[in-house]
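Chain residues, written in single-letter form:
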Amino acid sequence: MVNSNTSCIKCVDGINTCIYCCGKLLKNGISRAKKQRYKCKDCNKTIVENYTYNAYFSYINKQIVILLTEGLGIRSIARILKISVSTLLKRIIAISDRVNLPVMTPESSYEIDELCTFVKCKSKRIWIVYAFERETKNIVGFNVGPRTNLTLKKVVDKVLKANPQVLFTDRLKNYKSLIHQCIHKTVRFGTNNIERANLTLRTHLKRLNRKTICFSKSEIMFKAVLKIYFGSVA
Ligand SMILES: [Zn+2]
């Protein structure tokens, strides 16, 4: 994947400017790779015009998000972008910290469901509990953990804050104690939309592919990837 604009400096009227804020750049010593380093006068970011290591290019974070949500795993992304696996893992955590989940519409209809997968090894099962807004088709909240009230409660409480008209779930008993019965529905075909979203998730995220060894090796990475996915597909 080659980007035609690989320079990290923008030239406006013959003056080098910062690509982040268009501020004036001042020379700031020589980098370890013997390249001129610049510092932005306004945002204080340090920039080198042509980086030797691909991970420092400004477009790389966007490409990580694109490849991550297109069904590629960590190692394949690292190979394609020619960056190291450890850098990629750090970047994914950093990107996920900045991602926000879509805003919820008050008094809308929601569906909540659980999706089972593994973390660390095939004997350790873990569930993703997530809430799907029917109208906007956005995933507005999620949690990862064992299939217990504590894991479910975090998602249910978030949805309840938006004053939902109806909340559809499957017939899992745990929901009865968490959701008031006047808005809770467990009717047949009630969770059709979210069941379809489960399929999309399993196709788009490598670590949720069935019958492979691509499941997450750490819960932190698993949560980070999910947050990036839910935040970026909205
Ligand atoms: Zn700047």
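Refer to the structure printed above.
Each value, and the rule that gives it
- Residues numbered from 1 in each chain as written.
- Predicted model: local features only at pLDDT ≥ 70, side-chain atom pairs only at ≥ 80, totals over all residues.
- Heavy atoms only, no water.
- Pairing = 2+ DSSP bridges.
- Helix = DSSP H or I, 4+ residues; strand = E, 2+ residues; numbered from the N terminus.
- Axes fitted to C-alpha atoms, helices over the stretch in contact; angles between N-to-C directions.
- Donors = N, O, S within 2.8 Å, 3.2 Å for Na, K, Ca; no water.
- Phe/Tyr/Trp six-rings, centres within 6.5 Å; stacked < 30°, edge-to-face > 60°.
- Buried < 20%, exposed > 50% of the residue type's maximum accessible area, 1.4 Å probe, protein only.

Turning our attention to the sheet that holds strand β3 (residues 25-30). An order of β3-β4-β5 is seen for the three strands of this open sheet, with the pairing classed as antiparallel. Of all the strands in the sheet, just β3 and β5 (46-48) have a single pairing partner and so form its edges. When the angles between neighbouring strand axes are averaged without regard to direction, this sheet yields 35°. One ladder, built from four bridges, connects β3 with strand β4 (residues 36-40); its direction is antiparallel. Along β4, the bridge assignment pairs I30 with Q36.

To continue, consider the coordination of the zinc ion. Ideal geometry at a metal centre gives angles of 109.5 degrees when four donors are arranged tetrahedrally and 90 or 180 degrees when six donors are arranged octahedrally. Bound to the zinc ion on the protein side are C18 (SG), C21 (SG), C40 (SG) and C43 (SG), at distances that span 2.2 to 2.4 Å. Along the chain, the residues that donate to the zinc ion are spaced as C-x2-C-x18-C-x2-C.

Glancing now at the packing of aromatic side chains. According to the stated counting rule, one finds eight aromatic pairs in the structure shown. Aromatic side chains F142 and F230 sit 5.2 Å apart centroid to centroid with 65° between the ring planes, which places their arrangement in the edge-to-face category. Taken together, the residues F142 in strand β8 (residues 139-145) and F230 in helix α7 (residues 219-233) connect sequence positions 88 residues apart. For the residue pair F142 and F230, the accessibility class agrees, reading buried in each case.

What follows is about the pairing of strand β7 (residues 121-133). Examined bridge by bridge, strand β6 (residues 109-119) and β7 share 10 bridges and lie antiparallel to one another. Directly across from E114, in β7, lies its bridge partner V129. Remark: one residue form the turn of the hairpin made by β6 and β7, two consecutive strands paired antiparallel; K120 in that turn has positive phi of roughly 75°. Across six bridges, the pairing between β7 and β8 is antiparallel. In the sheet register, A131 faces β8, and the bridge partner there is G141. Hairpin connection between β7 and β8: a loop of five residues separates the two successive antiparallel strands, and K137 in this loop has a positive phi of roughly 60°.

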